Amino acid sequence: MARDHDNATIIMRTDGSSEIGVGHLYRCLALAEALRGRGFEILFAVAVTPPPLVALLQQHGHAVHTLNASLHLDQLEALARRHHARAIGVDTYAADEIFFKQLAARRMRVFCIDDFAGFPLAAELVINHNIYAPDLSYQVSPRAHLLLGPRYALLRAQFRATRQRHAPHSTRANVIVLLGGSDPHNLTLKITRSLLENLPQEILLHAVVGPAASGLLELQQLARTHARLRVHNQPRNLPEIMSAATLAISGAGITVYELACLGVPALLLVIAENQRQNAEAFAHHGLAEVLGRHEQVSPESVAASALALLHDSTKLHNMKAAGQSLVDGLGAERVAEEIDNAFASH
């Protein structure tokens, strides 16, 4: 049950950019939404996040403070003390073992959103919602609480609401391309071109462009000459667009959990090394097919794999059922409740 925290503040230390990607920001936004529903105010503390992504956080109703990297730790502590923060949540690969130890030495209460258990974590609560997380060995205090696996998948409430509405699918096959909020390799454009060239005309195509991605103008030009292509630039109704898809072509980051929640089968490209474990685990559990690392997969082979899977209705059905069984869309609420219990008072 939510408590009245009288505007108690939690600071989220995270970052996003075209180089980093935007997955950290989106999962922090999902958690911030759930925490706000329990009476907390969320202050985002960023260091290398560019203005368009700062604006994205602000559009969701959150204050943002930009840290000076050279004074990072001192500024973060001062920010926490000024706002009487209950806790600092850390979700950035820039944070290392020393960073967490220094926060603890300054008597900062900390929770961490992690992916790899790569070093000892001085945190009271650790969240890793990845499918492989229960197999990792965390080095934490005996008092630390671990929230591991897709039960804690940090998805925005909009995905759960869309899942519950059971939107009817189009009678035409519908393929969506979702290759990250930054897409530094311009894969969305390359793969969309190949799909237009190699998939039958009756198949509808959707290309989604994120807040730090390139290729938008070229995609919009393609859409002007191909009536079956729709281009979506940071769509507010993204879960609805995703849920109508027969098949997704996606990176293997946070998007795979969103697709699983909505029951959308996926072909996965490993866009960065930190996505490899996710991709392999999703394939192992029958939730998706993995095409390989993006630089080793041609756009033409992506189109061929999509066409083959679209013709396999049994596999599509099994992927849909497995995904929705794995991710129910309540993960952010569960994590928010745990944070509420752990940091209810100073």
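Reading the values: the criteria
Residues numbered from 1 in each chain as written. Predicted model: local features only at pLDDT ≥ 70, side-chain atom pairs only at ≥ 80, totals over all residues. Heavy atoms only, no water. Helix = DSSP H or I, 4+ residues; strand = E, 2+ residues; numbered from the N terminus. Buried < 20%, exposed > 50% of the residue type's maximum accessible area, 1.4 Å probe, protein only. Pairing = 2+ DSSP bridges. Axes fitted to C-alpha atoms, helices over the stretch in contact; angles between N-to-C directions. Contact = heavy atoms within 4.5 Å.

Caption draft 1: Unusual backbone geometry, seen in detail. A positive phi angle is found at Arg-107, which is not glycine, with a value near 60°. One can find Arg-107 in the loop between helix H4 (97-105) and strand S5 (110-113). Phi is positive for Gln-234, close to 50°, though the residue is something other than glycine. Here Gln-234 shows up in the loop between strand S10 (229-233) and helix H8 (238-243). A residue is classified by how much of its surface remains accessible, and Gln-234, at 40% relative accessible area, is partly exposed.

Caption draft 2: Fine view of the sheet that holds strand S12 (residues 266-270). Pairing is parallel in the open sheet, where six strands are placed in the order S10-S9-S8-S11-S12-S13. Unpaired on one side and paired on the other, S10 and strand S13 (288-293) mark the two borders of the sheet. In this sheet, neighbouring strand axes are inclined to one another by 15° on average, regardless of whether the strands run parallel or antiparallel. Of the strand pairs in this sheet, strand S8 (residues 174-178) and strand S9 (residues 204-209) are connected by five bridges, and their pairing is parallel. Looking at the pairing, Val-177 lines up with Ala-207 of S9. The sheet contacts of helix H9 (residues 254-262) involve S8, strand S11 (247-251) and S12, and relative to S11 the element is tilted by about 160°.

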